[in-house]
Amino acid sequence: MKQHHRQFDADEREAIIHIGDEVLRLRGRLDWWISQEGMGGKAGLAPDNRLRVAAYRILGSGAKASGLLPLFPAGDSAVETLLRRLEGHTLEHPDMPAAARHSVPEWLLPQLKKRFGGDFDMELAAMLRPAPLDVRVNTLKTTRDAAAAALAAEELRCQPTPYSPTGLRLSPQAYVNNTQAYADGLVEPQDEGSQLAAMLVDAAGCKFVADFCAGAGGKTLVLGAAMKNAGKLVAMDVSEGRLAKAKLRLRRAGVHNAECRVLETKWLKRHAEKAERVLVDAPCSGSGTWRRKPDAKWRLTPRDIAELTDRQAEILDRAAKLVRRGGRLVYVTCSVLKEENEDQVAAFLKRHPAFSILSVADVWDKTVGGACPVPGPYLNLTPARHGTDGFFAAILVRKD
């Protein structure tokens, strides 16, 4: 699109992006149809992106094979046979195995079943639906009602998010980055689950807060708003490029108490045991964001999980050194896999007996307000149960 966007008008671009997203989202089902014996020759065909798009058009919207054959080399009888045999079918089939039906890599099924148990089908079905666009209202500059009115003035209708007091929800097709409300720093795109995880840090009134894996600063903005530009907020990351983006976002939002810093050992040693709150928004599989990034599940490998869990443990060990006595370390992922979440926390507590778990239910009223949607001790949000991306958060307190 970046190279060829001038060839298409806005409606055409939207249609092409929609097809691309849906093909990635439903790739498991499409690949099953394409590779089935008898569908395109004795052993089926090897799926590729062109076949996936054609199969999606036939199975998803009833397109005719004859209109799609020009996409392929003339005279390819195997492709023609496949496309014509797909006519009259839909994306679902009773013989489709679970991995294909839920459109996830088969090697991930055991982890997902362990995580969701009896809710497995419900949660995987929810992950196949497009996510709404959530935005966080910047309370340093406006109120939720005023932000909603500003978006409505630009013909973007929204409603309050059910849990976050600073969230607004728009349709999946909405786009706010070209609005005046965004340019003025009134709103920032952020899933409601991400907002809630950052709120649980309980940064209000703190004198020293560290965002250990700040990235482009989404959760740093939440911390800055909670601190109301008082105290010291340090956004750290290993990437200067991501921190450069964070600086722009912080400036637009009017956050003036934040310092962006590339992670380095000397600084960490000088500030050991000084932070009241340390947020670790750890690099993870991103399995909780598959509604928004359906391509991510197809890039993930078992080796990635092993490497990520090792990296998460290393990051937690480093970040823990910053936490002062009585302070809190808040561990967050946008993953639904236990290996990255509960198992990671359990291993951390074995290595660091000075820390203990503080239930999210015990701090919910103060930090978020309203009824806590999870029983605790952890924040475990899912698309089906809570309408958010999959998010996990654990609050770990260092003993006095």
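Quick note: structure is the one above.
Residues numbered from 1 in each chain as written. Predicted model: local features only at pLDDT ≥ 70, side-chain atom pairs only at ≥ 80, totals over all residues. Heavy atoms only, no water.

**Student:** Quick rundown of the packing of helix H3 (residues 49-61) against helix H5 (residues 77-86)? Include the residues and the values.
**Tutor:** Packing of H3 against H5 brings their axes to within 9 Å, and their N-to-C directions diverge by 25°. The orientation of H3 relative to H5 falls into the category roughly parallel. The handedness of the crossing between H3 and H5 comes out as right-handed. Here Leu-51, Ala-54, Ala-55, Ile-58 and Leu-59 of H3 come into contact with H5, specifically with Val-79, Leu-82, Leu-83 and Leu-86. Grouping the constituent residues of the contact of H3 with H5 by class yields 9 nonpolar, no polar and no charged. (Axes fitted to C-alpha atoms, helices over the stretch in contact; angles between N-to-C directions. Helix = DSSP H or I, 4+ residues; strand = E, 2+ residues; numbered from the N terminus. Parallel < 35°, antiparallel > 145°, perpendicular 65-115°, else oblique. Left-handed = near helix turned anticlockwise from the far one by under 90°. Contact = heavy atoms within 4.5 Å. Nonpolar A, V, L, I, M, F, W, Y, C, P; charged D, E, K, R; others polar.)

**Student:** Outline empty space enclosed by the protein, listing residues and values.
**Tutor:** If you walk through the whole model with that rule in mind, you get 1 cavity of 30 Å³ or more. Approximately 40 Å³ is the volume attributed to the largest cavity. Together, Arg-136, Asn-138, Gly-185, Val-187, Glu-188, Leu-221, Arg-249, Arg-252 and Ala-253 line the largest cavity. Listed by contribution, the elements that provide at least two residues to the lining of the largest cavity are strand S4 (187-189) and helix H13 (240-253). For the lining of the largest cavity, the element with the most residues is H13, which contributes 3 residues. Among the residues making up the lining of the largest cavity, the classes are represented as 3 nonpolar, 2 polar and 4 charged. (1 Å grid on protein atoms, 1.4 Å probe; cavity = no way out; pocket = protein on both sides within 12 Å on 5 of 7 lines; lining within 4 Å. Points joined across faces, edges and corners; volume = space filled by probe spheres on them.)

Everything listed is a geometric property; what it means functionally is a separate question.
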